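An overview of the molecular structure
Next come the chains, spelled out residue by residue.
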Amino acid sequence: IHPGLAEGPVADLHAVRIQAKKLRYLLECAKGLVAPKREAGALATLKRLQERLGALNDAAVQGETLERLGRELGAGGLTPTAEFWLGRLTERAHARLAAERALLPDALA
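Below is a summary of the structure that appears in this document.

Conventions adopted
Residues numbered from 1 in each chain as written. Predicted model: local features only at pLDDT ≥ 70, side-chain atom pairs only at ≥ 80, totals over all residues. Heavy atoms only, no water. Helix = DSSP H or I, 4+ residues; strand = E, 2+ residues; numbered from the N terminus. Rg over C-alpha atoms; globule rule 2.2 N^0.38 Å. Buried < 20%, exposed > 50% of the residue type's maximum accessible area, 1.4 Å probe, protein only. Contact = heavy atoms within 4.5 Å. Areas by Shrake-Rupley, 256 points an atom, 1.4 Å probe, with all protein chains shown as cover. Lys, Arg positive; Asp, Glu negative; His and termini not counted. Charge placed at Lys NZ, Arg CZ, Asp CG, Glu CD. Phe/Tyr/Trp six-rings, centres within 6.5 Å; stacked < 30°, edge-to-face > 60°. Salt bridge = Lys/Arg side-chain N within 4 Å of Asp/Glu carboxyl O. Core = buried A, V, L, I, M, F, W, Y, C linked by side-chain atoms within 4.5 Å. Expected span 1.5 Å × (residues − 1). Axes fitted to C-alpha atoms, helices over the stretch in contact; angles between N-to-C directions. Parallel < 35°, antiparallel > 145°, perpendicular 65-115°, else oblique. Left-handed = near helix turned anticlockwise from the far one by under 90°. Nonpolar A, V, L, I, M, F, W, Y, C, P; charged D, E, K, R; others polar.

Looking at the overall build of the chain
When helices and strands are counted, the chain shows three helices and zero strands. Reading the helices (α) and strands (β) of the chain from amino to carboxyl end gives α-α-α. Computed over C-alpha atoms, the radius of gyration of the chain comes to 18 Å, more than 25% over the 13 Å expected from 2.2 N^0.38 for 109 residues, which places it beyond the range of a compact globule. Counting only C-alpha atoms, the chain reaches 60 × 25 × 20 Å along its principal axes. Burial analysis of the chain (109 residues in total) assigns 29% to the buried set. The long-range share in the chain, meaning contacts at least 24 apart out of those at least 6 apart in sequence, stands at 69%. Counting every atom, the chain has about 7,300 Å² of accessible surface; 61% of that belongs to carbon and sulfur. Of note, the chain has its 16 positive side-chain charges centred 8 Å away from the centre of its 13 negative side-chain charges.

If you want it as structure tokens, here you go:
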């Protein structure tokens, strides 16, 4: 996998997750075609990759949803307290996305 992929668009990374899922399921269905030790290692690696990419996608979707909500409600559509908390939740989603993205190079290696 190309090392620069970790910095790519979330949609591209989600597509990698889907392909990893297909490969994992294929290996699980084809028991005995690959040496058990190699199979176990590959399945564990694919599972970790799927989990990491899934967490990244979840954080991205959460951030996008919160931003859209803020735009749709517009100025004056929220109480100051609600606007504050929407902002904090959005910040947290972006921080989580950055943290997940920082972990990707190891998962993609």
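Moving on from the coordinates now.
Re the packing of aromatic side chains
A full pass over the atoms with the stated rule returns one aromatic pair. Between phenylalanine 84 and tryptophan 85, the aromatic rings sit 5.0 Å apart at their centres with planes inclined by 80°, giving edge-to-face as the arrangement. Of the residues examined, phenylalanine 84 reaches a relative accessible area of 46% and is grouped as partly exposed.

Overview of the pattern of salt bridges
As enumerated under the stated definition, the model contains five salt bridges in all. Salt-bridge contacts for glutamate 39 lead to lysine 31; the nearest nitrogen and oxygen are separated by 3.1 Å. Overall, the relative accessible area of 54% leaves lysine 31 in the exposed class. In this structure, arginine 68 and glutamate 72 form a salt bridge, with 3.4 Å as the shortest nitrogen-oxygen distance. Note that arginine 68 and glutamate 72 are positioned in helix H2 (residues 36-73) at a spacing of four residues, about one turn of the helix. Since its relative accessible area comes to 40%, arginine 68 is described here as partly exposed.

Quick notes on the nonpolar core
Within the largest apolar cluster, 17 residues are counted, with the highest numbers of intra-cluster contacts made by Leu13, Leu49, Leu56, Leu97, Leu104 and Leu108. Here this core takes seven residues from H2, the largest share from any one element. In contact with leucine 104, other than residues within four places in its own chain, are Ala6, Leu13, Arg52, Leu53 and Leu56.

Observations regarding the environment of leucine 108
Structurally, leucine 108 is set in helix H3 (residues 80-108). The exposure class of leucine 108 is buried, given its relative accessible area of 8%. Expressed as a C-alpha distance, the spacing of leucine 108 and leucine 13, which sit 95 residues apart in the sequence, is 10 Å.

What about H2?
End to end, H2 covers 55 Å across 38 residues, agreeing with the expected 56 Å (1.5 Å per residue, within 8%). Two residues or fewer past H2, glycine 74 is found with a positive phi of approximately 60°.

Digging into the packing of helix H1 (residues 10-29) against H2
Relative to each other, H1 and H2 sit at 150°, their axes nearing to 9 Å. Taken together, the axes of H1 and H2 lie roughly antiparallel to each other. Crossing of H1 over H2 shows left-handed handedness. Residues Val10, Leu13, His14, Val16, Arg17, Ala20, Lys21, Leu23, Arg24, Leu27 and Glu28 of H1 lie in contact with H2, whose contacting residues are Glu39, Ala42, Leu43, Leu46, Lys47, Leu49, Gln50, Leu53, Gly54, Leu56, Asn57 and Ala60. Classifying every residue of the contact of H1 with H2 by side-chain character gives 13 nonpolar, four polar and six charged.

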